[in-house]
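Fold and geometry: a report
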Amino acid sequence: HKMHALVHHMVVGTLSGAKNVEEEVFQRLKDNHKKQLQQFFVAPPYRHATYATELFMLETKWTAQEKLDALNTVTLESFRGFCARLLAPVSMELLVHGNILSDEAQRFADICLEGITLGEYQETTRPRVVSLAPGKSYIYRVDEFNPQEKNSCVSNTYWVGPMELKTNAMISLTQHLLEEPAYSTLRTEQQLGYVVWTYVNTVGDGVKGITVEVQSDAFLPNVVDQRIEAFVQTYFQKTLTGMPQEEFAKQKQAIIQHLLEKNKNLMEESSKYWDAMTKRHYLFTRLQQIAKILETVTKPETVEFYETYLMPSPKRVKVSIQVTSSPHKEEMAASPQATDDDKVLLVTDVSSFKPTQQFYPLSETVNVDEYKIETG
């Protein structure tokens, strides 16, 4: 079959590619990668807000400039040495699915193992996530990289933490309830900016929160932060608590149907399987399980969840990432840099802030041998 030949060609190329790369080709590849890294600095502010969120929340993360500086020191010789260390020895996970028999899948595995030295599985280093003090809000302000960019961006995340499937179901439902009203209020009515998003944010080892994000050229980041916070609280007080049971059931059914949607193509299906493998929980039917749990979720449970994690409460953890564009810098510099409220902390240096914090423990490693099915 052509696929077997293609897989064989890819494996051979991966194992021998570094040895066969000539200096001219290496320099061209290095220059292309350098351009990709440099493109980050002129990316939209909302991407820089995502980047700043990871810098704030993850125990270790290389900055974009650090990666660029490191790339400048890479030579063909050091690249070849790295590739040799990377592939000797290795552990391997292989995903084969679709219209294929088990013996054909085994043949693919055999092809992939050609020329590879297998070793004991080594758990990859997973960055820990900061466990912020409950009942507090944190503000992290950073300057926009691109001096020509007019837009600033505010990304407010209400962190919940690591979660089991029930909490995952609750956060999915809550985000769904907020999505359309947030766009209608902040984008259409208040016209804060063209980019208004609400999504479930995940960092590190499955730590999740709900993010409301606005990119604006007309309003200062601190003003946008206030508008987002006002929306979050007003939605609870005027919409969620008084939502009729019929409307709640309709909204719940909509997110259930979304979770149970059939994959549009094989690539979409593959990405879901790979997600379960790379995150190492191996819950290949995770979305279906969450949908089943949502069937039993009640409105009082949802109200309690929202009140606990999004409304000001002893358990709420809010992080406001504020990316400030050049046109807004002067006014933002004149705005208060500190607050008398001991529940709000302005962070200016994450490298000195994070060592003072606690971290969530990493999730336990799943024993994949329990999933093993013997054939033959």
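One structure accompanies this document, and this report is about it. Remember, it's a predicted structure, so these values are computed and weren't measured experimentally.

Helix and strand counts for the protein stand at 14 helices and eight strands. For the protein, the C-alpha atoms occupy an extent of roughly 60 × 50 × 35 Å along the three principal directions. The buried share of the protein, taken over its 376 residues, is 39%. Once local pairs closer than 6 in sequence are excluded, the contacts in the protein between residues at least 24 apart make up 83%. Looking at charge distribution, the protein has the averaged site of its 39 positive side-chain charges lying 2 Å from that of its 48 negative ones.

All right, on to helix α8 (residues 221-240) then. The first and last C-alpha atoms of α8 sit 27 Å apart over 20 residues, in line with the 28 Å expected at 1.5 Å per residue. Along α8, the largest kink reaches about 30° and is centred on Thr234. Among the residues of α8, Pro221, Asn222, Val224, Asp225, Ile228, Glu229, Phe231, Val232, Tyr235, Phe236 and Leu240 are the ones counted as buried.

With that settled, the discussion passes to the pattern of salt bridges. For the structure on display, the rule yields nine salt bridges. Salt-bridge contacts for Lys61 lead to Glu54; the nearest nitrogen and oxygen are separated by 2.9 Å. Judged by its relative accessible area of 26%, Glu54 is partly exposed. For the salt bridge of Lys318 with Asp225, the shortest nitrogen-to-oxygen distance reads 2.9 Å. Residue Lys318 is located in strand β6 (residues 317-324), and its partner Asp225 is located in helix α8; the two are separated by 93 residues in the primary sequence.

General note: in soluble globular proteins, nonpolar side chains tend to be found buried as a group. Leu186, Ile228, Tyr235, Leu294 and Tyr306 are the most contacted members of the largest nonpolar core, which totals 38 residues. Elements supplying a minimum of two residues to this core: β3 (152-161), α7 (165-189), β5 (207-216), α8, α9 (245-259), α11 (286-294) and α12 (299-309). Tallying contributions element by element places α7 first for this core, with eight residues. Counting residues in hydrophobic clusters, the runner-up holds 23 residues, among them Val129, Leu132, Val323 and Phe359.

So, about the state of the cysteines. Per the counting criterion, the structure on display carries zero disulfides. Left without a disulfide partner, Cys83 is nearest to the cysteine sulfur of Cys112, which lies 18 Å away. For Cys83, a relative accessible area of 18% puts it in the buried group.

Here we take up the sheet that holds β6. Strands sit in the order β4-β5-β3-β6-β2-β7 across an open sheet of six strands; the sheet is mixed. A strand with exactly one partner marks an edge of an open sheet, and here the two such strands are β4 (195-203) and β7 (344-347). Ignoring which end each strand starts from, the neighbouring axes of this sheet average 20° apart. Bridge count for β3 against β6 is seven bridges, and the pairing is antiparallel. Along β6, the bridge assignment pairs Cys153 with Val323.

On to the environment of Val12, then. Here Val12 lies in helix α1 (residues 2-20). With 100 residues separating them in the primary sequence, Val12 and Cys112 have C-alpha atoms 8.9 Å apart.

Among the secondary structure elements, Gly206 is positioned in the loop between β4 and β5. In this structure the C-alpha to C-alpha distance between Gly206 and Leu95, which are 111 residues apart in sequence, comes to 22 Å. When residues no more than four places from it in sequence are discounted, the contact partners of Gly206 are Gly161, Pro162 and Met163.

Criteria and thresholds
Residues numbered from 1 in each chain as written. Predicted model: local features only at pLDDT ≥ 70, side-chain atom pairs only at ≥ 80, totals over all residues. Heavy atoms only, no water. Helix = DSSP H or I, 4+ residues; strand = E, 2+ residues; numbered from the N terminus. Buried < 20%, exposed > 50% of the residue type's maximum accessible area, 1.4 Å probe, protein only. Contact = heavy atoms within 4.5 Å. Lys, Arg positive; Asp, Glu negative; His and termini not counted. Charge placed at Lys NZ, Arg CZ, Asp CG, Glu CD. Expected span 1.5 Å × (residues − 1). Bend = angle between axes of the 7 residues up to and from the residue. Salt bridge = Lys/Arg side-chain N within 4 Å of Asp/Glu carboxyl O. Core = buried A, V, L, I, M, F, W, Y, C linked by side-chain atoms within 4.5 Å. Disulfide = S-S within 2.5 Å. Pairing = 2+ DSSP bridges. Axes fitted to C-alpha atoms, helices over the stretch in contact; angles between N-to-C directions.

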